[in-house]
Amino acid sequence: MSKGLPKRSENYSEWYNELVKRADLAENSAVRGCMVIKPYGYSIWEKMQRALDDMFKETGHTNAYFPLFVPKSLFEAEEKNAEGFAKECAVVTHYRLKSDPNNPGKLIVDPEAKLEEELIVRPTSEAIIWNTYKNWVQSHRDLPILINQWANVVRWEMRTRMFLRTAEFLWQEGHTAHATEKEAMDETKQMLDVYATFVEEWMSLPVIKGFKSANERFAGAEETLCIEAMMQDGKALQAGTSHFLGQNFAKAFDVKFQNKEGKLEHVWGTSWGVSTRLMGALIMAHSDDLGLVLPPKLAPFQVVIIPIPNKELEPDAFKIALKPVIDKLKSFGISVKYDDNENYKPGWKFAEYELKGVPIRMAIGMRDLQAGQIEVARRDTLTKETRPLEGVASYVRDLLDEIQSAIYQKAFKFRQENMFKIDTWAEFEAQIEKGGFLLCHWDGSSETEEKIKDLTKATIRCIPLDAVLEEGKCILTGNPSTKRVVFARAY
RNA sequence: CGGGGUGUAGCGUAGCCCGGUAUCGCGUCUGCUUUGGGAGCAGAAGGUCGUCAGUUCGAAUCUGGCCACCCCGACCA
């Protein structure tokens, strides 16, 4: 392992790419745009999954699984949805290979094994799911349907980046069906809140909740709600979306129910998802030039203990002295790695665990051992202090909580310092180059948004739910506006 | 998909212009000494030079196709 990462200040995207690889989160694979998520990275994803899944269950959802493939005729049923995703679909056309008669040992696609109907590898599952719901819903008593699925999807992106945009990615997609518009809208908002809570409390990352503008809305949705987070380079990252689908999919797939009055109605739908992109957010939001900084709640292990060997000591001296501490930590539910591998020197381990973002490192040498103490170092602040072994476990437990909130506070402060109320176009153009979220008035038209995007690469990240009503003039056109929206360059 | 760049041992690289037995560092293996911030010494292993084709007596080097990755655009519900 060579020393040192690229500096964030010098090349942010190179820093990100290197960090993903060096911290053992993921690597590129033999397949274009598809990554291998390595064990250390996957452990973080599993912790995210666990927390989210618990939250979905608490809000009444259950998991199910639908097919990877969507017959083309189903895929095209909801026109806007189909059109929105058409350009990035992988399509299965054949079901068999055979030996190449002209090239021994090689295979060719058997031209006689052409599918009657092409299968689309799901870029999202609304089509196959709503087609299924059609058979599940007859009466208002069959509603609501509250289902989530953990799955992989494929979107054939032109340009990919590990975690942020890969051709295949892992996600969850919730798909719900309701009897009333209000119930569906409440569900849409509820799941946005679940996402916001998760990202803020588990990932220690503050988000802005809001509506997407029409330009940025999910294809096939009536309304898209989202949470937007700020990365350390001042760019925005969409961390999750929750869509109010209206009756669009119910109409496209003919999903009707008989209401209490005996009348037939189309059901109301929602869908919502977060993906492995959250990993990208986690990495970019907190990490520094030494490596990852992980919030304790998502770290694969929260504490690493490094004994510093000394020939004058009994080989098991550290293990014996530390056993009560480790047992105590484990009894608090804290995950601990005791690293007494003698192939690496302490300095190497310090650097390695900093790279991997382990929240707390404890180191103990002969001097400490004799004094009955241990060094406790925080990854987030890089500060160290020496604590008595007695009571150190509960100190560490509290410190983990403190780190969890300190990381949040740091990210929150950064975001506050990089959000600007902008009222003139000149200021807008100047500030967008420096990054950050620009709170501006906007006249509400797609044309204006498009023009601003062409001029500055900035898009409307969201129209905040808590936007204050105030008189103002559109940043570009000067037309009247009633509230500020968030403009930023985005991942 | 357009413009630019890169591809040589597990990783990072020199060599390429000007064709002739492949360089260095990290890592790995063995041994000894070490261990409080990426250890030292000694020895060793490890290569279809991205891939396919062409030119040539001879190709990492020249030519062309393809593939992958990186940067800048376009694209990204």
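Above this note sits the structure.
Keep in mind the model is a prediction, meaning the values are calculated, not measured.

Comments concerning the packing of helix α9 (residues 317–331) against helix α12 (residues 392–417)
Move 1: In the contact formed by α9 and α12, the axes pass within 8 Å of each other and the chain directions differ by 40 degrees. Put simply, α9 runs oblique to α12. Once α9 is placed against α12, the crossing between them reads as right-handed. Each of V325, K328 and L329 in α9 lies in contact with α12, whose residues at this interface are V392, A393 and V396.
Move 2: Tallied by class, residues from the contact of α9 with α12 come to 5 nonpolar, no polar and 1 charged.

Details of the protein's contact with RNA strand B
Move 1: Close contacts around RNA strand B come from 39 residues, with F85, R155, R165, R217 and F218 the closest.
Move 2: Across the atoms of RNA strand B situated within 4 Å of the protein, the share located in sugar and phosphate is 42%.
Move 3: In the environment of RNA strand B, a base nitrogen lies 3.3 Å from a nitrogen or oxygen atom belonging to the side chain of W348.
Move 4: Listing elements by their share of the surface near RNA strand B, those giving two or more residues are α1 (12–22), α10 (346–355) and α11 (366–371).
Move 5: With 7 residues, the top contributor of residues to the surface near RNA strand B is α10.
Move 6: Among the residues making up the surface near RNA strand B, the classes are represented as 13 nonpolar, 7 polar and 19 charged.

Some words on the packing of aromatic side chains
Move 1: By the definition in use, this model includes 21 aromatic pairs.
Move 2: Centre to centre, the rings of F56 and W272 are 5.2 Å apart; their planes meet at 55 degrees, and the pair counts as tilted. Here W272 lies in strand β16 (residues 268–275) and F56 lies in helix α2 (residues 39–58), a separation of 216 residues in the sequence. Of the two residues, F56 and W272, neither departs from the other in class, the shared state being buried.
Move 3: Here a set of aromatic residues connected by ring pairs shows up, and it is made of W45, F56, W150, Y195 and W272.
Move 4: Sitting over the ring of W15, R8 keeps its end group 6.0 Å from the ring centre.
Move 5: Between R361 and the ring centre of F350, over which it is positioned, the NZ or CZ distance is 4.1 Å.

Structural notes on a nonpolar patch on the surface
Move 1: On the surface, L97, L107 and V109 cluster together into a nonpolar patch covering about 290 Å² of accessible area.
Move 2: One can find L97 in strand β6 (residues 97–99).

Concerning the pattern of salt bridges
Move 1: Evaluation of the coordinates by the stated rule reveals 29 salt bridges.
Move 2: Across the pair K57 and D53 runs a salt bridge whose closest N-O atoms are separated by 2.6 Å. With a gap of 4 residues between them, K57 and D53 both fall in helix α2, about one helical turn apart.
Move 3: Look at K57 and you get partly exposed, because its relative accessible area is 41%.
Move 4: One salt bridge connects D340 with K319, and the closest N-O pair in it is separated by 3.7 Å.

Describing the side chain of T459
Move 1: Residue placement: T459 occurs in strand β24 (residues 459–464).
Move 2: For T459, the side chain forms a polar contact with the side chain of R461, separated by 2.7 Å.

What to know about the environment of P206
Move 1: Of note, P206 is situated in the loop between α6 (181–201) and β11 (208–211).
Move 2: On the accessibility criterion, P206 (2% relative accessible area) is buried.
Move 3: Setting aside chain neighbours within four positions, we find P206 in contact with E200, E228, A229, Y408, A411, F412 and R415.

Re the sheet that holds strand β10 (residues 168–178)
Move 1: Pairing is mixed in the open sheet, where 11 strands are placed in the order β3-β9-β10-β16-β13-β12-β11-β24-β27-β23-β22. Each end of this open sheet is capped by a strand with a single partner; those strands are β3 (62–63) and β22 (419–421).
Move 2: Two strands pair when backbone bridges link them, and strand β13 (residues 236–246) and β16 are joined in this way by 5 bridges, in the antiparallel orientation. Its bridge partner lying in β16, T241 is registered against G273.
Move 3: Lying over the sheet, α6 contacts β9 (145–154), β10, β11, β12 (223–230), β13 and β16, oriented at roughly 10 degrees with respect to β16.

Cut-offs used in this document
Residues numbered from 1 in each chain as written. Chains lettered and ligands numbered in written order. Predicted model: local features only at pLDDT ≥ 70, side-chain atom pairs only at ≥ 80, totals over all residues. Heavy atoms only, no water. Axes fitted to C-alpha atoms, helices over the stretch in contact; angles between N-to-C directions. Helix = DSSP H or I, 4+ residues; strand = E, 2+ residues; numbered from the N terminus. Parallel < 35°, antiparallel > 145°, perpendicular 65-115°, else oblique. Left-handed = near helix turned anticlockwise from the far one by under 90°. Contact = heavy atoms within 4.5 Å. Nonpolar A, V, L, I, M, F, W, Y, C, P; charged D, E, K, R; others polar. Near = heavy atom within 4 Å. Polar contact = N/O pair within 3.5 Å; in protein donor to acceptor, adjacent residues only side chain to side chain. Phe/Tyr/Trp six-rings, centres within 6.5 Å; stacked < 30°, edge-to-face > 60°. Buried < 20%, exposed > 50% of the residue type's maximum accessible area, 1.4 Å probe, protein only. Lys NZ or Arg CZ within 6 Å of the ring centre and 35° of its normal. Patch = residues over 30% accessible without salt bridge, like charges linked within 9 Å, V, L, I, M, F, W, Y side chains within 5 Å. Areas by Shrake-Rupley, 256 points an atom, 1.4 Å probe, with all protein chains shown as cover. Salt bridge = Lys/Arg side-chain N within 4 Å of Asp/Glu carboxyl O. Pairing = 2+ DSSP bridges.

Read these as spatial facts, not as claims about activity.
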